[in-house]
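# Chains, contacts and geometry: an overview
Here is how the chains run, residue by residue.
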Amino acid sequence: MVSAVFHSPADAIAPASTSKPIAGPAATPAPAASRKAPPRQPINLARFWMRVLPPLAGFGLLVLVWELIAMRSGGGFPAPYETWLQAVKVFSDPFYSNGPNDQGVGWNVLSSLQRVALGFGLAALVGIPAGFAIGRFEFLARMFNPLISLLRPVSPLAWLPIGLLVFKGANPAAIWTIFICSIWPMIINTAVGVQRVPSDYMNVAKVLNLSEWKILTKILFPAVLPYMLTGVRLAVGTAWLVIVAAEMLTGGVGIGFWVWDEWNNLNVANIIIAIFVIGIVGLILEFALIKIATAFTFEEVKS
Amino acid sequence: MNATLDFQNRKFIDIQNVEQTFKTAKGPFQALRDINLTVAKGEFVALIGHSGCGKSTLLNLIAGLTMPTQGTLLCANKEIGGPGPERAVVFQNHSLLPWLTCYENIYLGVERVFAPTESKAQLKARTEAALALVGLTPATQKRPGEISGGMKQRVGIARALAMEPKVLLMDEPFGALDALTRARLQDELLAIVQKTQSTVVMVTHDVDEAVLLSDKIVMMTNGPSATIGEVLSVELPRPRNRVELAEDAAYVHYRKAVIDFLYTRQGHVEKAA
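First, a word on scope: everything that follows refers to the structure included in this document. (Residues numbered from 1 in each chain as written. Chains lettered and ligands numbered in written order. Predicted model: local features only at pLDDT ≥ 70, side-chain atom pairs only at ≥ 80, totals over all residues. Heavy atoms only, no water.)

### As for the pairing of strand E9 (residues 216–220) of chain B
Residue and element names in this part refer to chain B.
- Along E9, five of the five residues are buried, which leaves the element largely enclosed by surrounding structure.
- Every second residue of E9 is oriented toward a common face, with Lys216, Val218 and Met220 on one face and Ile217 and Met219 on the other, all of them buried.
- Note that strand E3 (residues 44–48) and E9 share four bridges and pair parallel. Within E9, the residue paired with valine 45 across the bridge is lysine 216. (Buried < 20%, exposed > 50% of the residue type's maximum accessible area, 1.4 Å probe, protein only. Helix = DSSP H or I, 4+ residues; strand = E, 2+ residues; numbered from the N terminus. Pairing = 2+ DSSP bridges.)

### Concerning helix H9 (residues 249–265) of chain B
Residues and elements named next belong to chain B.
- With 17 residues, H9 should cover 24 Å at 1.5 Å per step; its first-to-last C-alpha distance of 23 Å lies within 8% of that length.
- Within the sequence span of H9, burial applies to Tyr251, Tyr254, Ala257, Val258, Phe261 and Leu262.
- N-cap assignment for H9: the residue whose side-chain oxygen lies 2.8 Å from the backbone N of alanine 250 is aspartate 248. (Expected span 1.5 Å × (residues − 1). Polar contact = N/O pair within 3.5 Å; in protein donor to acceptor, adjacent residues only side chain to side chain.)

### Topic: the sheet that holds strand E2 (residues 27–39) of chain B
All names here are of chain B.
- If you walk across this open sheet you meet the four strands as E2-E1-E4-E5, and the pairing is antiparallel. One side of each edge strand has no neighbouring strand; the edge strands of this open sheet are E2 and strand E5 (78–79).
- Bridging between strand E1 (residues 13–24) and strand E4 (residues 70–75) involves five bridges; their strand directions are antiparallel. Bridge pairing links glutamate 19 to glutamine 70 in E4.
- Sitting on the sheet, helix H2 (residues 55–63) touches E1, E2 and E4, and the angle it makes with E1 is about 115°. (Contact = heavy atoms within 4.5 Å. Axes fitted to C-alpha atoms, helices over the stretch in contact; angles between N-to-C directions.)

### Quick look at the pattern of salt bridges
Residue and element names in this part refer to chain B.
- Evaluation of the coordinates by the stated rule reveals 19 salt bridges over all chains.
- Between glutamate 188 and arginine 154 there is a salt bridge, and its shortest N-O distance comes to 3.6 Å. With a gap of 34 residues between them, glutamate 188 in helix H6 (residues 179–196) and arginine 154 in helix H5 (residues 149–162) connect regions that are remote in the sequence.
- With a shortest N-O distance of 4.0 Å, arginine 240 and aspartate 215 are connected by a salt bridge. Of this pair, arginine 240 sits in the loop between strand E10 (228–233) and helix H8 (242–245) while aspartate 215 sits in the loop between helix H7 (207–213) and E9, and the two are 25 residues apart along the sequence.
- You can call arginine 240 buried: its relative accessible area is 9%. (Salt bridge = Lys/Arg side-chain N within 4 Å of Asp/Glu carboxyl O.)

### Overview of the interface of chain B and chain A
- The interface is formed by 28 residues belonging to chain B together with 20 residues belonging to chain A.
- Both sides together, the interface formed by chain B and chain A hides about 2200 Å², and carbon and sulfur atoms give 70% of it.
- The largest contributions to the chain B side of the interface with chain A come from Trp99(B), Leu108(B) and Arg112(B), which together make up 29% of the buried area.
- If you look at where chain B meets chain A, you find one salt bridge.
- Of the charged contacts, one joins Glu111(B) and Lys214(A) as a salt bridge, the two residues approaching to 3.1 Å between their closest N and O atoms. (Buried area = accessible area lost by both parts, 1.4 Å probe.)

Without other data, these values stay purely geometric and don't point to any function.
Here it is in structure tokens:
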């Protein structure tokens, strides 16, 4: 995944072929795709180009802008190729460890993911049952809605000092911040899902006179699952956004801390690499959760 | 026969002076008034009327899904205080749970009614028998999304019948189906009811369906404040055959009576609306 992104500029030099790139000279990565295109009927080929060319042109534009900025900054800002070489170096040994402040990018990503998993897992453990309760009982909904409306817009980082004060440690404080920022989407989406369970299903439950447990497991849970998974997806997205910022403040091992550390070392190439890594990990998390959500979403059956 | 038992059976469902008023944003809305109706045990009753005449409202009252604002509803001499499996409902849109297979959908009801007294094997046998009754044994492990609309409705009927309800309540069960499927399911329902001797209350807006299936057709006036306009006893011998009945003088007479009520006497209100 990582190499795929960095590939395009380097590959661009190799096969210069037929197609004319749209975004100027630096958009040459486009022909790189030609090696994947076997000879087909012309119509298919046109559709193929339509799918491949625009994204490549987009990346080409990014590289072009990046190159221009690097040229004008006079050495302070690393050029794409320079960064690529540095990335190859960084990823050749992602799991080295020279003490707590100098570890490979793999360790940094893993410890960030671990914090996210912990904070997010705790949030799911509390948030999803809370969402069910709030959705099912109007009293609880009226009781908690004002609190949620008040606390939800608070920037996650504002919770960090509270975490530091209560837990007396950087790591638990970071986890606490993840917890508090990822709990809201899960509570809200689960509650909305419970309130939107089709009344037909609830009528079935009433006519069959099902027990509250059967209603929960056979009707509410499956009906709410798609909503819940949307909440989970939003929560993971937020958690991954927040962890970088939280780690910058708390230190330790983690991708956010790595960014800050490299800034202190004035190693801008590594910061750019970190930005790509954060983006790609976020993309993978999002993609995995969308896959899970579609697997568990049932077709709304209407005769 | 014992006189009191006979009396009970004739008034198996007993609806007395029922009125139903809904609170809406525009103020109270009276849907039903002065409803008096009895249904005998084993009787097949059709509720017919124009849209908005409150026939589904009345069915929901018998099901216990809603409570009347006035009057009482009795079933087997007990007041209807809420929904329960002894009054099974076949919903218009079948209302199968899409994440359960046909088998599991039916088993859910069977389990609730018979689990306290019967073994797992017996519950399984009941579920399979219900599927066989509606001819859906091959679809046992299919989910509702994988079968046709007619098949879904049959599963809905099987789910209701499998609970061995005292009363089968059907809310336009075939309304969403095409004419051919509807006719086939009506014939199946006739055969099933013949076999099980169920008491059935069915909401419909299809005149032929009402005459073909029912012992009694309850014709309702137009809403708001709808009430029972006329009750027609259909004394056609059973088993009934739709092809033979098509030219039967009595059938044509009953059909004409219902159409006359719906379009001549109750039709003008809808035109005015």
